[in-house]
Amino acid sequence: MVKGTARQVVVVRSPDQKLFEQAIFLLREDALERGVGERELLEEARRVADQCMQRAPAKKRKRMPPLFWMGTGASIVSVAWLLTALL
């Protein structure tokens, strides 16, 4: 957290609040000096927030069920016992 610094922000509230309540954008210090109006700031913030929500979620690695791992471990141990018994 930065103390002693006043920052201007744009807050965009989510229409569907299942996952997110709001997005907060910190304005660059020179944003208002460039002649950008409040309406343009809000439109840009909404556009960026919409883009972030429309991106395809990263593919999650499918977890193997614990029963699979238990069976795999048991198979390896069984093969090891058989090999030691034969040798």
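Residues numbered from 1 in each chain as written. Predicted model: local features only at pLDDT ≥ 70, side-chain atom pairs only at ≥ 80, totals over all residues. Heavy atoms only, no water.

Q: I keep staring at the overall build of the protein and nothing clicks. Help me out?
A: In terms of regular secondary structure, the protein is built from two helices and two strands. Secondary structure elements in the protein, listed N-terminal to C-terminal, are β-β-α-α. Considering only contacts within the protein whose residues lie at least 6 apart along the sequence, 22% involve residues at least 24 apart. Entry remark: accessible area of the protein is about 8,800 Å², with carbon and sulfur atoms responsible for 60%. (Helix = DSSP H or I, 4+ residues; strand = E, 2+ residues; numbered from the N terminus. Contact = heavy atoms within 4.5 Å. Areas by Shrake-Rupley, 256 points an atom, 1.4 Å probe, with all protein chains shown as cover.)

Q: Please explain the layout of surface pockets as it appears in this structure.
A: Picture a little ball the size of a water molecule; that probe, rolled over the atoms, points out where space is still empty. Estimated volume of the largest pocket: approximately 350 Å³. Surrounding the largest pocket, 17 residues form its lining, Ser14, Pro15, Phe20, Ala49 and Met53 being those nearest its centre. Listing elements by their share of the lining of the largest pocket, those giving two or more residues are strand 1 (9–13), strand 2 (22–26) and helix 1 (38–54). Ranked by residue count, the leading element in the lining of the largest pocket is helix 1, at six residues. Its boundaries defined by the atoms lining it, the second largest pocket holds a volume of some 220 Å³. In terms of lining residues, the second largest pocket is bounded by 13 residues, among which Leu26, Leu27, Ala31, Leu41 and Glu44 are the most central. Put simply, the parts of the chain that give the lining of the second largest pocket at least two residues each are strand 2 and helix 1. Counting residues per element, the lining of the second largest pocket draws most heavily on helix 1, which supplies four residues. Classifying every residue of the lining of the second largest pocket by side-chain character gives nine nonpolar, no polar and four charged. (1 Å grid on protein atoms, 1.4 Å probe; cavity = no way out; pocket = protein on both sides within 12 Å on 5 of 7 lines; lining within 4 Å. Points joined across faces, edges and corners; volume = space filled by probe spheres on them. Nonpolar A, V, L, I, M, F, W, Y, C, P; charged D, E, K, R; others polar.)

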